[in-house]
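Analysis of the macromolecular model
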Amino acid sequence: MNPNPVMNPATAHMMIWIILTFALVALAIVGVVVAGALRRKKENPAQITVAPAASDLIQRETVRPLPEPVLAKAPARAPAAVPAAAPASAPASAHLPSLEDEFKASRTLGEAMQNTEKSFFGRLRGLFQNETAAKHFDEIEEVLYTSDLGPQTVTRLMSKLDELSRSDKSNVQTLKATLKDEFLQIFDGAHIPEPTGETLAHLKTQNAPSVWMIVGVNGAGKTTTIGKLSAHLAKQNKKVLVAAGDTFRAAAGSQLKAWTERAQVEFFSPEGVTDPSAVAYDAVVKAKAQGFDVVLIDTAGRLHTQANLMEELKKVKRVMTKVLPEAPHETLIVLDANSGQNALQQAREFHQALGLTGVVLTKMDGTAKGGVAVGLAQELKIPIRLIGIGEKIGDLKAFSAREFVNSILGEEA
């Protein structure tokens, strides 16, 4: 057998044609790919060229300083961005009157206490139109009780009325004068000073900083009261720090921040801090270091019946003494006048736990039972410092016992 057989001519010719066919197919495929790429480039040339240009631009801005003409134009563009950003915050306060207007538009206590006057003494007056008071002492006692005076106060007043002669008991003006005198003695026993003209004159601002701890249950008007206090302090040119110590209610911080922005005082709410005691401590540290005049410490609106939550408030008060031994200088409870005897109970529990220095009575304009003020003075001897008689900032007023009594009993007695 021949080990090197020679391929016959027919087979060699066929192999050549097979190789040529594969070469032509390969060229055709390459041609299709190239043609597709050229077509895409023609239809969207930016798709290919943008990336290199952007990279080059980034490199120029980060590695080399901007050319001089660009730097010259930069200040001209900046002012244009300011008006565009302003409308974002404008709508939140655009509908609100100015603080100065709110201070001027406040009402008198007499105007705000009309509901109480009509309900309280108006009902008494109706008992003595045609008959003697002696026949209506049960009704008198009922009127006193339903005015939220409290049991101790009613007992004291009824004992005083019992001392009147028969003829005096039938005289409406004598009855009114007796009640008025007894009310004033009750307020005097609680050591409530008469206002001197300045709303916050009897609250401690002499220390630097002076720390005010504000307590009370949710719904009493605590956040609004803190906002009004900050505005009054700012009006006195005090440097004020408001600390958002109610870390359990999400809306509390945002509401308080809105008030501080209106009053143009500083808001303190450290990010990530959920312990009310830590917020209070850090706020006092900041105030002491940065020369603030007054620190307002908001607290959670706790139910006074929950002992563990009252313990938490004690801790808030306790940690502040580590920074300022005499802090807080004021511990004020905000009470809703509409809550009547419940307000007395709230004040009693908070006073026992914290040692209150004063009361802020809110919503006096909306109640027909304003007697809770007398009950607080009689039963707890806690001075009423401020009274809220409306939504305007000027509707937070220093409490005047004589003005209060005159507003519900009249000035002619």
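See the structure above.
Values in this document were obtained by computation on a predicted structure and should not be read as measured data. (Residues numbered from 1 in each chain as written. Predicted model: local features only at pLDDT ≥ 70, side-chain atom pairs only at ≥ 80, totals over all residues. Heavy atoms only, no water.)

It is worth spelling out the nonpolar core at this point. Soluble globular proteins tend to bury their nonpolar side chains together. Residues Phe187 and Leu361 are the most contacted members of the largest nonpolar core, which totals 90 residues. Of the residues forming this core, the biggest block, six residues, is contributed by helix α12 (residues 172-189). Ignoring any residue separated from it by four or fewer positions in sequence, one finds Phe187 in contact with Ile192, Ala373, Val374, Ala377, Ile384, Phe399, Ala401, Phe404 and Val405. (Core = buried A, V, L, I, M, F, W, Y, C linked by side-chain atoms within 4.5 Å. Buried < 20%, exposed > 50% of the residue type's maximum accessible area, 1.4 Å probe, protein only. Helix = DSSP H or I, 4+ residues; strand = E, 2+ residues; numbered from the N terminus. Contact = heavy atoms within 4.5 Å.)

So, about empty space enclosed by the protein. One pass over the full model with this rule turns up three cavities of 30 Å³ or more. By residue class, the composition of the lining of the largest cavity is six nonpolar, two polar and one charged. (1 Å grid on protein atoms, 1.4 Å probe; cavity = no way out; pocket = protein on both sides within 12 Å on 5 of 7 lines; lining within 4 Å. Points joined across faces, edges and corners; volume = space filled by probe spheres on them. Nonpolar A, V, L, I, M, F, W, Y, C, P; charged D, E, K, R; others polar.)

Moving on to the side chain of Asp336. Counting through the fold element by element, Asp336 comes out in strand β5 (residues 330-336). The class of Asp336 is buried, set by a relative accessible area of 15%. Polar side-chain contacts of Asp336 include one of 2.8 Å to the backbone nitrogen of Asn338. Excluding anything up to four places from it in sequence, Asp336 contacts Gly219, Ala220, Ala343, Thr362 and Lys363. (Polar contact = N/O pair within 3.5 Å; in protein donor to acceptor, adjacent residues only side chain to side chain.)

Looking at the element boundaries, Ile297 is found in strand β4 (residues 294-298). Note: C-alpha distance between Ile297 and Gly245 (52 residues apart in sequence) is 6.2 Å. Setting aside residues no more than four positions away along its own chain, Ile297 makes contact with Val211, Trp212, Met213, Ile214, Ala243, Ala280, Ala283 and Met320.

Take the pattern of salt bridges next. Per the stated rule, a full pass over the model turns up ten salt bridges. Across the pair Arg348 and Glu379 runs a salt bridge whose closest N-O atoms are separated by 3.1 Å. With Arg348 in helix α17 (residues 341-354) and Glu379 in helix α18 (residues 372-379), the pair connects residues that are 31 residues apart, well separated along the chain. Given the relative accessible area of 30%, Arg348 is considered partly exposed. (Salt bridge = Lys/Arg side-chain N within 4 Å of Asp/Glu carboxyl O.)

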